[in-house]
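The residues making up each chain are set out below.
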Amino acid sequence: MIRPQRADAWFVRIRRGAKYNITPCTREGWAVTVAYVLATLALTPVILTPTPIHVAVWLILFLAATALFLVIAWRTSSPAADDSEKGNR
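In this text, all values refer to a predicted model and were calculated from it rather than measured experimentally. (Residues numbered from 1 in each chain as written. Predicted model: local features only at pLDDT ≥ 70, side-chain atom pairs only at ≥ 80, totals over all residues. Heavy atoms only, no water.)

Enquirer: Please explain the pairing of strand E2 (residues 19-24) as it appears in this structure.
Expert: Along any regular strand the residues' side chains alternate between the sheet's two faces. Note that strand E1 (residues 11-16) and E2 share six bridges and pair antiparallel. Bridging across to E2, Arg16 finds its partner in Lys19. The hairpin formed by E1 and E2 contains two residues between the paired strands, and Gly17 there has a positive phi angle of roughly 65 degrees. (Pairing = 2+ DSSP bridges. Helix = DSSP H or I, 4+ residues; strand = E, 2+ residues; numbered from the N terminus.)

In structure tokens:
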């Protein structure tokens, strides 16, 4: 398991080139991730009758949930600890 630099981080952040990977590393991080998945799944019945207004409402709610998840994940994340500096190669 990849460790974050900060002990209070919920997510660990890894950057490879232009790509970011944010992975839950604590119970709180996993709880936020599961809540996001359940919230987006709960939105599915909104578009079962695909009228333009239902699709618009679904899209707005989905984007709001995604934005909230990304803000929480970014603010509670820390870069991965670099174990190679300690001689643990």
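Enquirer: How should I be thinking about the environment of Leu43 in this particular structure?
Expert: Residue position: Leu43 is located in the loop between helix H1 (27-42) and helix H2 (52-75). Residues Leu43 and Leu61, spaced 18 residues apart in sequence, show a C-alpha to C-alpha distance of 7.7 Å. Here Leu43 is in contact with Trp58, Leu61 and Phe62, once residues within four sequence places are set aside. (Contact = heavy atoms within 4.5 Å.)

Enquirer: It is not clear to me how the packing of H1 against H2 should be interpreted in this structure. Could you clarify?
Expert: Relative placement of two packed helices is described by the angle separating their axes and the distance separating the axes. Packing of H1 against H2 leaves a shortest axis separation of 10 Å and a crossing angle of 175 degrees. As far as their axial angle goes, H2 and H1 are roughly antiparallel. Residue-level inspection shows Val32, Thr33, Tyr36 and Thr40 of H1 in contact with H2, the latter providing Phe62, Ala65, Thr66, Phe69 and Ile72. Per-class residue counts for the contact of H1 with H2 are six nonpolar, three polar and no charged. (Axes fitted to C-alpha atoms, helices over the stretch in contact; angles between N-to-C directions. Parallel < 35°, antiparallel > 145°, perpendicular 65-115°, else oblique. Nonpolar A, V, L, I, M, F, W, Y, C, P; charged D, E, K, R; others polar.)

Enquirer: Hey, could you run me through the nonpolar core in this one?
Expert: Looking at soluble globular proteins, one finds that nonpolar side chains tend to be buried together. Formed by Phe11, Val32, Tyr36, Ala65, Phe69 and Ala73, the largest nonpolar core amounts to six residues. Listed by contribution, the elements that provide at least two residues to this core are H1 and H2. At three residues, the largest contribution of residues to this core is made by H2. Apart from the residues lying within four places of it in its own chain, the contact partners of Ala73 are Phe11 and Ile22. (Core = buried A, V, L, I, M, F, W, Y, C linked by side-chain atoms within 4.5 Å. Buried < 20%, exposed > 50% of the residue type's maximum accessible area, 1.4 Å probe, protein only.)

Enquirer: Would you take a moment to explain the environment of Phe69 for this structure?
Expert: Positionally, Phe69 belongs in helix H2. Once the C-alpha coordinates of Phe69 and Thr33 are considered, the two residues, 36 residues apart in sequence, prove to be 7.6 Å apart. Excluding residues within four positions of it along the chain, Phe69 makes contact with Phe11, Val32, Thr33 and Tyr36.

Enquirer: Is there a simple way to think about the confidence of the model for the protein chain in this case?
Expert: Predicted coordinates in regions of low pLDDT should not be interpreted in detail. Summarising the model, the protein chain shows a mean pLDDT of 83, and 83% of its residues fall at 70 or more. Within the protein chain, the lowest mean pLDDT, 83, falls on strand E3 (residues 77-79), and the highest, 93, falls on H1. (pLDDT = per-residue confidence, 0-100.)

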